[in-house]
Amino acid sequence: GVYKESILQSSKEDDDGHRSSTIEQSYGVFRPERPSVILRNPQSLDEAVGMLQDQRIAMDEIEKSISSGDMEGAGVAVLRVLPRLNLAGRYIAVAMQRLVPQIQQMS
(Lines give C-alpha, C1' and ligand atoms only; values in the text may rest on other atoms or scores of the structure.)
Protein backbone atom coordinates (compact mmCIF):
# COMPACT_ATOMS: atom_id res chain seq x y z
CA GLY A 1 0.00 0.00 0.00
CA VAL A 2 1.02 3.59 -0.57
CA TYR A 3 0.00 6.32 1.84
CA LYS A 4 -1.95 9.03 0.06
CA GLU A 5 -3.05 12.44 1.33
CA SER A 6 -6.54 12.60 2.73
CA ILE A 7 -9.57 13.75 0.78
CA LEU A 8 -12.10 15.90 2.64
CA GLN A 9 -15.50 14.20 2.33
CA SER A 10 -17.67 16.53 4.39
CA SER A 11 -17.18 19.51 6.59
CA LYS A 12 -19.37 21.44 9.00
CA GLU A 13 -18.91 24.15 11.62
CA ASP A 14 -20.11 23.69 15.19
CA ASP A 15 -21.59 26.34 17.51
CA ASP A 16 -18.13 27.43 18.71
CA GLY A 17 -16.90 28.01 15.17
CA HIS A 18 -14.72 24.89 15.09
CA ARG A 19 -14.70 22.96 11.85
CA SER A 20 -15.51 19.24 12.00
CA SER A 21 -14.59 17.03 9.07
CA THR A 22 -14.90 13.47 7.94
CA ILE A 23 -11.73 12.32 6.22
CA GLU A 24 -11.42 9.50 3.71
CA GLN A 25 -7.95 8.28 2.84
CA SER A 26 -7.49 7.76 -0.90
CA TYR A 27 -6.00 4.28 -1.13
CA GLY A 28 -8.25 3.04 -3.95
CA VAL A 29 -5.78 3.18 -6.85
CA PHE A 30 -3.04 1.40 -4.93
CA ARG A 31 -5.10 -1.18 -3.07
CA PRO A 32 -8.36 -1.67 -4.96
CA GLU A 33 -9.33 -4.79 -2.98
CA ARG A 34 -9.39 -2.83 0.29
CA PRO A 35 -12.08 -0.39 1.42
CA SER A 36 -11.27 3.25 2.06
CA VAL A 37 -10.15 4.20 5.55
CA ILE A 38 -12.59 6.62 7.15
CA LEU A 39 -11.35 8.74 10.04
CA ARG A 40 -13.04 11.44 12.06
CA ASN A 41 -11.32 14.55 13.39
CA PRO A 42 -11.03 14.66 17.17
CA GLN A 43 -13.69 16.87 18.75
CA SER A 44 -11.65 17.91 21.79
CA LEU A 45 -8.09 18.22 23.00
CA ASP A 46 -8.64 15.25 25.32
CA GLU A 47 -9.85 13.13 22.39
CA ALA A 48 -6.80 14.14 20.31
CA VAL A 49 -4.43 13.24 23.16
CA GLY A 50 -6.31 9.94 23.54
CA MET A 51 -5.79 9.23 19.84
CA LEU A 52 -2.05 9.82 20.28
CA GLN A 53 -1.97 7.48 23.28
CA ASP A 54 -3.80 4.79 21.29
CA GLN A 55 -1.29 5.14 18.48
CA ARG A 56 1.57 4.78 20.97
CA ILE A 57 0.18 1.34 21.78
CA ALA A 58 0.04 0.57 18.05
CA MET A 59 3.67 1.71 17.69
CA ASP A 60 4.66 -0.82 20.36
CA GLU A 61 3.02 -3.53 18.24
CA ILE A 62 4.89 -2.27 15.18
CA GLU A 63 8.14 -2.54 17.10
CA LYS A 64 7.30 -6.14 18.03
CA SER A 65 6.49 -6.95 14.38
CA ILE A 66 9.82 -5.55 13.23
CA SER A 67 11.69 -7.43 15.96
CA SER A 68 10.07 -10.69 14.89
CA GLY A 69 10.87 -10.05 11.21
CA ASP A 70 7.30 -9.37 10.09
CA MET A 71 8.12 -6.36 7.94
CA GLU A 72 4.93 -6.57 5.89
CA GLY A 73 2.75 -6.56 9.01
CA ALA A 74 4.75 -3.66 10.43
CA GLY A 75 4.34 -1.70 7.19
CA VAL A 76 0.59 -2.22 7.13
CA ALA A 77 0.37 -1.13 10.77
CA VAL A 78 2.40 2.01 10.03
CA LEU A 79 0.00 2.87 7.21
CA ARG A 80 -2.88 2.57 9.69
CA VAL A 81 -1.14 4.72 12.32
CA LEU A 82 0.05 7.63 10.15
CA PRO A 83 -3.34 9.16 9.28
CA ARG A 84 -4.46 9.03 12.91
CA LEU A 85 -1.24 10.63 14.13
CA ASN A 86 -1.64 13.29 11.47
CA LEU A 87 -5.22 14.18 12.49
CA ALA A 88 -4.49 14.22 16.22
CA GLY A 89 -1.29 16.24 15.75
CA ARG A 90 -3.01 18.82 13.58
CA TYR A 91 -5.83 19.24 16.09
CA ILE A 92 -3.39 19.66 18.98
CA ALA A 93 -1.31 22.21 17.05
CA VAL A 94 -4.40 24.32 16.28
CA ALA A 95 -5.67 24.01 19.87
CA MET A 96 -2.32 25.17 21.24
CA GLN A 97 -2.29 28.16 18.87
CA ARG A 98 -5.73 29.14 20.21
CA LEU A 99 -4.54 28.82 23.81
CA VAL A 100 -1.47 31.07 23.45
CA PRO A 101 -3.42 34.37 23.33
CA GLN A 102 -5.48 33.30 26.36
CA ILE A 103 -2.33 32.47 28.33
CA GLN A 104 -0.72 35.78 27.31
CA GLN A 105 -3.78 37.69 28.53
CA MET A 106 -3.53 35.95 31.90
CA SER A 107 0.10 37.07 32.40
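These figures come from a predicted structure and were not determined experimentally.

A. The packing of helix α1 (residues 45-67) against helix α2 (residues 71-106), seen in detail. The interhelical angle for the contact between α1 and α2, taken along N-to-C directions, is 160°, at an axis separation of 9 Å. Here α1 lies roughly antiparallel to α2, going by the angle between them. Here the hand of the crossing between α1 and α2 comes out left-handed. For the pair α1 and α2, the contacting residues are Leu-45, Ala-48, Val-49, Met-51, Leu-52, Gln-55, Ala-58, Met-59, Ile-62, Ser-65 and Ile-66 in the first and Met-71, Ala-74, Ala-77, Val-78, Val-81, Arg-84, Leu-85, Leu-87, Ala-88, Tyr-91, Ile-92 and Ala-95 in the second. Counted by class, the contact of α1 with α2 contains 20 nonpolar, two polar and one charged residues.

B. Up close: the environment of Arg-90. The topology assignment puts Arg-90 in helix α2. Taking C-alpha positions, Arg-90 is 9.3 Å from Asn-41, a pair spaced 49 residues apart along the chain.

C. Fine view of the environment of Gly-73. Summarising the element assignment, Gly-73 is placed in helix α2. C-alpha of Gly-73 to C-alpha of Glu-61: the two residues are twelve residues apart in sequence and 9.7 Å apart in space.

D. Molecular detail of the nonpolar core. Core analysis: the largest hydrophobic core is formed by six residues, namely Leu-39, Ala-48, Met-51, Leu-87, Ala-88 and Ile-92. Elements with a minimum of two residues in this core: α1 and α2. Among the elements that make up this core, the one with the highest residue count is α2 (three residues).

E. How the structure looks around a nonpolar patch on the surface. Together, Leu-45, Val-49, Met-96, Leu-99 and Ile-103 line one region of the surface with nonpolar side chains, adding up to about 390 Å² of accessible area. The set of elements that each furnish at least two residues to the nonpolar patch consists of α1 and α2. The residue Leu-99 is located in helix α2 in this model.

F. A look at the pattern of salt bridges. In this structure the tally under the stated criterion is two salt bridges. A salt bridge links Asp-60 to Arg-56, with the nearest nitrogen and oxygen atoms 2.8 Å apart. One end of the pair, Asp-60, and the other, Arg-56, are both in helix α1, four residues apart, so they sit about a helical turn from each other. Given the relative accessible area of 32%, Asp-60 is considered partly exposed.

G. Fine view of α2. Between its terminal C-alpha atoms α2 stretches 50 Å, which fits the 52 Å expected from 36 residues at 1.5 Å a residue. Along α2, the largest kink reaches about 25° and is centred on Leu-99; proline Pro-101 follows within four residues of it. Buried within α2 we find Ala-74, Ala-77, Val-81, Pro-83, Leu-87, Ala-88, Ile-92 and Ala-95.

Conventions and cut-offs
- Residues numbered from 1 in each chain as written.
- Predicted model: local features only at pLDDT ≥ 70, side-chain atom pairs only at ≥ 80, totals over all residues.
- Heavy atoms only, no water.
- Axes fitted to C-alpha atoms, helices over the stretch in contact; angles between N-to-C directions.
- Helix = DSSP H or I, 4+ residues; strand = E, 2+ residues; numbered from the N terminus.
- Parallel < 35°, antiparallel > 145°, perpendicular 65-115°, else oblique.
- Left-handed = near helix turned anticlockwise from the far one by under 90°.
- Contact = heavy atoms within 4.5 Å.
- Nonpolar A, V, L, I, M, F, W, Y, C, P; charged D, E, K, R; others polar.
- Core = buried A, V, L, I, M, F, W, Y, C linked by side-chain atoms within 4.5 Å.
- Buried < 20%, exposed > 50% of the residue type's maximum accessible area, 1.4 Å probe, protein only.
- Patch = residues over 30% accessible without salt bridge, like charges linked within 9 Å, V, L, I, M, F, W, Y side chains within 5 Å.
- Areas by Shrake-Rupley, 256 points an atom, 1.4 Å probe, with all protein chains shown as cover.
- Salt bridge = Lys/Arg side-chain N within 4 Å of Asp/Glu carboxyl O.
- Expected span 1.5 Å × (residues − 1).
- Bend = angle between axes of the 7 residues up to and from the residue.

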